[in-house]
Amino acid sequence: MTVLHGKGASGGIAIGVVKIQFGNETCIKRAHIENAEAEIERFRLAKERSLTELKELYEKALGEVGEANARIFEIHQMMTDDEDYTEAIENLILSQQVNAEYAVGVTSDNFAEMFSSMDDDYMKERAADVCDISSRLIKNLSGSVAKASLLPENAIIFAKDLTPSETVQLDKDKIIGFCTQQGSKNSHTSILARTMGVPAVCATETELPPEFDGAEAIIDGSFGTVYINPTPDIREKMIVRQNEEIRRKELLQNLKGKENITQNGQKINLYANIGGPSDLGEVLANDAGGIGLFRSEFLYLESDDYPGEEAQFQCYKKVLECMHGKKVIVRTLDIGADKQIDYFHLDNEENPALGYRAIRICLTRTDIFKTQLRALYRASVYGNLGIMFPMIISEEEISEIKEIILQVKSELANAGIPFNPDTEIGIMIETPASVMISDILAKEVDFFSIGTNDLTQYTLAADRQNPKLDAFCDPHHKAILRMIKIAVDNAHKNGAWVGICGELAADTSLTELFLAMGVDELSVSPASILPLREKIRHTSVKDRREIINKFL
Ligand code: PEP
Ligand code: MG
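Being a predicted model, the structure only gives us computed values, none of them experimental. (Residues numbered from 1 in each chain as written. Chains lettered and ligands numbered in written order. Predicted model: local features only at pLDDT ≥ 70, side-chain atom pairs only at ≥ 80, totals over all residues. Heavy atoms only, no water.)

### Structural notes on the overall build of the protein
Where we set the bar: Each helix corresponds to a stretch of at least 4 residues labelled H or I by DSSP, and each strand to a stretch of at least 2 residues labelled E; elements are numbered beginning at the N terminus. For a compact globule the rule gives 2.2 Å times the number of residues to the power 0.38, and the radius of gyration it is set against comes from C-alpha atoms. Under the scheme applied here, a residue whose accessible area is under 20% of the maximum for its type counts as buried, over 50% as exposed, and between as partly exposed, the area being computed with a 1.4 Å probe on protein chains only. Contact criterion: two residues are considered in contact whenever any of their non-hydrogen atoms come within 4.5 Å of each other.
From N to C terminus, the protein includes 21 helices and 18 strands. On C-alpha atoms alone, the protein measures out to a radius of gyration of 26 Å, which is about the 24 Å that the 2.2 N^0.38 rule sets for 552 residues. Across its three principal directions, the C-alpha atoms of the protein cover 90 × 65 × 45 Å. With 552 residues in all, the protein has 53% of them scored as buried. Partitioning the contacts of the protein with sequence separation of at least 6, the portion at a separation of at least 24 is 70%.

Structure (C-alpha cells):
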C-alpha cells in the first residue's frame, strides 16, 4: 500500500481507480458543441486524412515487408471507413452535441468491448485495431500526437495540478475523486470538487509513478489522505467510514422541505453555488432555496470558442426553468487569474490575480459582455433572475455596467424580444475597495454577495492559489470578519440585501456570527446545504451584540 498525505480539499471517501493525467497524455475532453453539422464535417475531414495516411502506409509496407504484413493497413482502412463505426460516431455528435474527439473515444470503447467479448479469436484481436484507428482519428482531429484516452468508470484523477479549464472539460460522470500534487483548498479546482460533491485531496507533493495507473485508490477528502492499493484492513475501515457518511447524509434528508430558521425564529436563505446546469441535480437533491452563485465563466471554460448568445440563453433558461421561480443569481464572466481560456488570448501577467480579469475584461471587451447580458435578459422571463458583477472596486464601474444594460434593454425592446426590466442586479464584494465604499455602492444595486475567497486573498495579501500560504491565510482573521460586518451594515442601511457566496458561508463555526450580523443569504456548495440547515436550526441568536463582540 502507498499512502499520500496532503490537504483535504473536499470531504468524503471515494473508492475507485487511479487515472493519472500524464503530461504527454491528453484525456479526451467532452465539450459541448453548438454546430453539430460543422463538427461532423470536421470528423469527415479527419477520416479522409486517416484514410490517406493508411493508404500511404499500406503502399510503403507493401514495398518494404510484403503483402501479408502490409495487409493490416488495408484492414485499418476498411475499419476506419466502416459504416457502423462512422455512423455511431456521427450519431453521438448529433444526439449529444459533443465534440468529435469525444464521440470517437466513446465509440472506440464500445466497439473494442464488443470485439473483446466475441468468441472468435480473430474478432477478439480487432479490439486493439479499433483503438488504433480511433487514436489516429483523434490525432487527426486534435492535431495532437499525444496518446489520448477516455476515463475509466469511477476514476480518481491524479495530476500535478489541474487548471479550472482542464477540470471542467473532464467527463464528470466518470469522476469520483481528485488528488493533486499542487493546488490549494481555495483554488477553483478544489471549489469545483466541492460543487460536484466529490472528495479531493490537494498538495500531496508526491508524483505518482505511471505503474499506478489503473490501481485501486481510496481518497479520504476529510483527512487529506490517499491510499493506493489499500490493504484489506484500510479498505474495510474506509468502507465503514463511507457507510457512516451515507447514513449521516440520509439523516440529513429529514431536513428537506424544512425552514432555515433559528431556535429564536430568525430566518435566512440558503442557496447553492453552481458551475453550470450539470450541477442542478445536486441543487435539487439538497433542497437549495435558490442559486446564489452561478459561476458563468465555466460555460466559457467548457467551450473551445466564445459561447454565442443563443447557447448562453438556452443554458440560463434551463437553469431558471429548473428552479421554478426560485432566485437564480448568475455572476457574469469572471475569468483571468487562475481561470485562463486560450481563445481569450490574455497576456501573461506578473500578478494575474491583481490583473486584467473579471469585470475589467467585460468593461473593455464590451462585445463579449453585451452578448452575455443579452442572453441573460432574454432568459429573465423564464424565472427569478438576478445578475451580479465580480471584482467591483468603484462606483464608476457600476455606472458603466448600467449604461451597457440600458443599451441591451433598448436593443431587446426595439426588436420586440421580451425581458424582465426589473431583473435584480448586484455586485460581488470581494475587494477591500468595495467594502470601504460599500455605503456608496449599496445605493446603486439591489444586493451584495460577499466573495470571501477573493476578499481574503486581497485583504490578507495572500495568494489563494499558493498552498504555502495556508498558515497566513486565515479566513477567520478579524480583518475579514470586520469587512463582512461593514458590508452587511452598509447594505442594510442603504436598502440592499446581502449574501455571502465565498467558501466561508459554509463554515458552520461562523454561522452564529453571520446570523447575528443579519446576513440575508448564504450560498454554498449543494452538499453543504443540509448540514448548514441543521446548524441554523440548532442555533439561537439572542444577544446579537454579544455574539458579534465575541468574534470581532
Ligand atoms: C469569491 O471570491 O469568494 C467567490 C465566490 O468567487 P470565486 O471563488 O469564483 O472567485
Ligand atoms: Mg472571486
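The structure having been displayed, the exposition proceeds.
### Side note on the coordination of the magnesium ion (ligand 2)
Applicable threshold: Sites may look incomplete because water is not among the atoms; the donors themselves are N, O and S atoms within 2.8 Å of the metal, or within 3.2 Å for Na, K and Ca.
In this structure, Glu430 (OE) and Asp454 (OD) serve as the protein donors to the magnesium ion (ligand 2), at separations of 2.0 to 2.2 Å. Separated by 24 residues along the polypeptide, Glu430 in the loop between strand S15 (424-429) and helix H15 (432-436) and Asp454 in helix H17 (residues 452-459) bring together distant segments of the chain. Both residues of the pair, Glu430 and Asp454, belong to the buried class.

### Some thoughts on the sheet that holds strand S16 (residues 447-450)
The condition is simple: For two strands to be treated as a pair, DSSP must find no fewer than two bridges joining them. Axis lines are fitted to C-alpha atoms, over the contacting stretch for helices. Their N-to-C directions set the angle, which ranges from 0 to 180 degrees.
Pairing is parallel in the closed barrel, where 8 strands are placed in the order S11-S12-S13-S14-S15-S16-S17-S18. With strand direction ignored, the average angle separating the axes of adjacent strands in the sheet is 25 degrees. Together, strand S11 (269-274), strand S12 (291-295), strand S13 (327-331) and strand S14 (384-389) form the strand contacts of helix H11 (residues 309-322), whose direction differs from that of S12 by roughly 160 degrees. Contacting S11 and strand S18 (521-524), helix H20 (residues 529-537) runs over the sheet at an angle of about 160 degrees to S11.

### Points about the environment of Ile93
Structurally, Ile93 can be placed in helix H3 (residues 83-96). Between the C-alpha atom of Ile93 and that of Asn35, which follows or precedes it by 58 residues, the distance is 9.5 Å.

### Regarding the sheet that holds strand S7 (residues 175-180)
One open sheet accounts for 8 strands, arranged S1-S10-S9-S3-S6-S7-S8-S2; its pairing is mixed. Both outer strands of the open sheet, strand S1 (2-5) and strand S2 (7-10), are each paired with one neighbouring strand and no more. Across the sheet, the axes of successive neighbouring strands diverge by a mean angle of 30 degrees, strand direction being ignored. Strand direction decides the pairing type here: strand S6 (residues 155-159) and S7, joined by 5 bridges, are parallel. When the bridges of S7 are listed, Ile156 appears paired with Gly177. Helix H7 (residues 188-196) contacts S2, S7 and strand S8 (200-202) of the sheet and is inclined by roughly 55 degrees relative to S2. Helix-sheet contacts for helix H8 (residues 232-252) involve strand S3 (13-20), strand S9 (216-220) and strand S10 (225-228), and the interaxial angle to S3 is about 120 degrees.

### A word on the site of ligand 1
Put simply, the rule is: We call a residue near a given molecule or strand whenever any one of its heavy atoms falls within 4 Å of it. Pairs of N or O atoms within 3.5 Å make up the polar contacts considered here, provided that, within protein, one atom can donate a hydrogen while the other can accept it, and that residues adjacent in sequence are counted only when both atoms are side-chain atoms. Calculation of accessible area relied on Shrake-Rupley with a 1.4 Å probe; when residues are assessed, cover is drawn exclusively from the protein chains displayed. When residues are grouped by polarity, Ala, Val, Leu, Ile, Met, Phe, Trp, Tyr, Cys and Pro land in nonpolar, Asp, Glu, Lys and Arg in charged, and all others, Gly among them, in polar.
Within the structure, ligand 1 sits among 15 residues, and Arg295, Arg331, Gly451, Asn453 and Arg464 are positioned closest to it. One of the side-chain N or O atoms of Arg331 is found 2.8 Å from an oxygen atom in ligand 1. Within the contact set of ligand 1, an oxygen atom lies 2.9 Å away from a side-chain nitrogen or oxygen of Glu430. Contact with the protein chains covers 100% of the free accessible surface of ligand 1, which is 290 Å². Where the shell around ligand 1 is concerned, the elements lending two or more residues are H7, S12 and H17. Element by element, the count of residues in the shell around ligand 1 is highest for H17, at 3 residues. Per-class residue counts for the shell around ligand 1 are 4 nonpolar, 5 polar and 6 charged.

### As for the nonpolar core
Which entries qualify depends on this criterion: Throughout, nonpolar core names a set of buried Ala, Val, Leu, Ile, Met, Phe, Trp, Tyr and Cys residues whose side chains join them through atoms within 4.5 Å.
Ranked by internal contacts, the top residues of the largest apolar core, which has 98 residues, are Phe344, Phe389 and Ile484. In contact with Ile484, not counting residues within four places along its chain, are Ile450, Thr452, Ile500, Leu504, Phe514 and Met517. Ala36, Ala46, Ala112 and Ile133 belong to the second largest nonpolar core, which has 28 residues in total.

### Regarding the domain arrangement of the protein
To keep it simple, the criterion reads: Domain segmentation is taken from an automatic or database assignment of domains. Accessible surface is computed with a 1.4 Å probe, and the buried area is the amount of it that two parts give up when combined, taken over both parts together. A pair is scored as a salt bridge if a Lys or Arg side-chain nitrogen falls within 4 Å of a carboxyl oxygen belonging to Asp or Glu.
Each assigned domain of the protein is listed here: domain 1 (2-17 + 147-238), domain 2 (36-142) and domain 3 (257-551). Each of domain 1 and domain 3 has a C-alpha centre, and these two points are 28 Å apart. Residue-level contacts link 16 residues of domain 1 with 23 residues of domain 3. Both faces combined, the contact of domain 1 with domain 3 buries some 1800 Å², and carbon together with sulfur accounts for 52% of it. Of all residues in domain 1, Asn186, His188 and Thr195 give up the largest surface area on contact with domain 3, accounting jointly for 32% of the area buried on that side. Viewed at the interface, domain 3 and domain 1 are joined by 3 salt bridges. Between domain 1 and domain 3 we count 8 residue pairs in polar contact (both at pLDDT 80 or more) in total. In terms of residues, the side of domain 1 that touches domain 3 owes the most to one element, H7, which gives 5 residues. For the side of domain 1 that touches domain 3, the class distribution of residues is 5 nonpolar, 8 polar and 3 charged.

### Considerations on the packing of aromatic side chains
Rule in force here: Note on ring pairs: Phe, Tyr and Trp rings are taken, using the six-membered ring of Trp, and paired if centres are within 6.5 Å. Classes follow the plane angle, with under 30 degrees stacked, over 60 edge-to-face and the rest tilted.
Scanning the model with the defined rule gives 10 aromatic pairs in all. Ring geometry for Tyr306 versus Tyr343: centroids 4.7 Å apart, planes at 75 degrees, classification edge-to-face. With Tyr306 in the loop between helix H10 (297-301) and H11 and Tyr343 in the loop between S13 and helix H12 (359-364), this residue pair connects regions lying 37 residues apart in the sequence. Judged by relative accessible area, which is 30%, Tyr306 ranks as partly exposed. Plain terms: the ring middles of Phe313 and Tyr382 are 6.0 Å apart, the flat faces sit at 65 degrees to each other, and that makes the pair edge-to-face.

### A look at the pattern of salt bridges
On inspection of all chains with the given rule, the structure shows 34 salt bridges. The residue Arg136 makes a salt bridge to Glu53 at a minimum N-O spacing of 2.7 Å. Residue Arg136 is found in helix H5 (residues 121-142), and its partner Glu53 is found in helix H1 (residues 36-65); the two are separated by 83 residues along the sequence. Here the salt bridges share partners, and the residues they tie into one network are Glu297, Arg331, Asp334, Lys339, Arg357, Asp454 and Arg464.

### Things to note about the side chain of Ser438
By secondary structure assignment, the location of Ser438 is in helix H16 (residues 438-442). Look at Ser438 and you get buried, because its relative accessible area is 0%. Reaching out from Ser438, the side chain makes a polar contact with the side chain of Asn490 at a distance of 2.9 Å. Here Ser438 is in contact with Phe448, Ile486, Ala487 and Asn490, once residues within four sequence places are set aside.

### Focus: a negative patch on the surface
Quick note on the threshold: In this analysis, a patch consists of residues with relative accessible area above 30% that form no salt bridge, clustered at 9 Å for like charges and at 5 Å for the nonpolar side chains Val, Leu, Ile, Met, Phe, Trp and Tyr. By the counting rule applied here, Lys and Arg register as positive and Asp and Glu as negative, while His and the ends of each chain are not counted. By convention, the point assigned to a charge is CZ for Arg, NZ for Lys, CD for Glu and CG for Asp.
Taken together, the side chains of Glu34, Asp304, Asp305 and Asp342 define an acidic patch exposed on the protein surface. Assignment of secondary structure puts Asp304 in the loop between H10 and H11. Among the residues examined, Asp304 registers a relative accessible area of 56% and is labelled exposed.

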